[in-house]
Amino acid sequence: TAERLMRSRYAAYVLKLASYLLATWHRSTRPSSIDLDTPKWLGLQVRHHQETGDTATIEFVARYKVGGKAHRLHEVSRFIREDGRWYYVDGEFRR
């Protein structure tokens, strides 16, 4: 499902698996490389998941720390299924 892909992508950020992140990013929006010099990830909460045919949106909050200070990333991500595989397309940040 798109939600399983989203959760696995979060784990890939935690583990700094750039090749997996790029492989699961839709070709229409995939960057040529990704910088994983990221903060310390602390947790993930999926708030809403909606799947309609071959598209899906997932709202989530990911918590992280930078320089000892806690932050959160609130995003609504879009996914698409092609040839039976889900891909991350893009996301919109929320406050």
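Here is what the cut-offs are and how they apply
- Residues numbered from 1 in each chain as written.
- Predicted model: local features only at pLDDT ≥ 70, side-chain atom pairs only at ≥ 80, totals over all residues.
- Heavy atoms only, no water.
- Pairing = 2+ DSSP bridges.
- Helix = DSSP H or I, 4+ residues; strand = E, 2+ residues; numbered from the N terminus.
- Axes fitted to C-alpha atoms, helices over the stretch in contact; angles between N-to-C directions.
- Contact = heavy atoms within 4.5 Å.
- Salt bridge = Lys/Arg side-chain N within 4 Å of Asp/Glu carboxyl O.
- Buried < 20%, exposed > 50% of the residue type's maximum accessible area, 1.4 Å probe, protein only.
- Core = buried A, V, L, I, M, F, W, Y, C linked by side-chain atoms within 4.5 Å.

## Examining the sheet that holds strand β3 (residues 69-82)
Spatially, β1-β2-β3-β4 is the arrangement adopted by the four strands of the open sheet, whose pairing is antiparallel. Only two strands of the sheet have a single neighbouring strand rather than two, namely β1 (40-52) and β4 (85-94). Each neighbouring strand pair of the sheet contributes to a mean axis angle of 25°, computed without reference to strand direction. As paired strands, β3 and β4 are joined by nine bridges and run antiparallel to one another. What sits directly across from E75, in β4, is F93. Contacting β1, β2 (55-66), β3 and β4, helix α1 (residues 2-15) runs over the sheet at an angle of about 165° to β1.

## Structural notes on the pattern of salt bridges
Should their charged atoms come close, side chains of opposite charge can pair. In total, this model carries five salt bridges according to the counting rule given. Linking E82 and R27 is a salt bridge whose minimum nitrogen-to-oxygen distance equals 2.7 Å. Of this pair, E82 sits in strand β3 while R27 sits in the loop between α2 (18-23) and β1, and the two are 55 residues apart along the sequence. Taking relative accessible area as the criterion, E82 reaches 23% and is therefore assigned partly exposed. Classification of R27 as exposed rests on a relative accessible area of 57%.

## A short note on the nonpolar core
When a protein is soluble and globular, its nonpolar side chains tend to lie buried together. In terms of nonpolar packing, the biggest core is built from 14 residues, with A2, F79 and W86 touching the most fellow members. Of all the secondary-structure elements, those providing two or more residues to this core are α1, β2 and β4. When residues in this core are grouped by element, the largest group, five residues, is from β2. Not counting the four nearest positions on each side in its chain, F79 is found in contact with A2, L5, M6, D54, T55, A56, I58, W86, Y87, Y88 and V89.

Without other data, these values stay purely geometric and don't point to any function.
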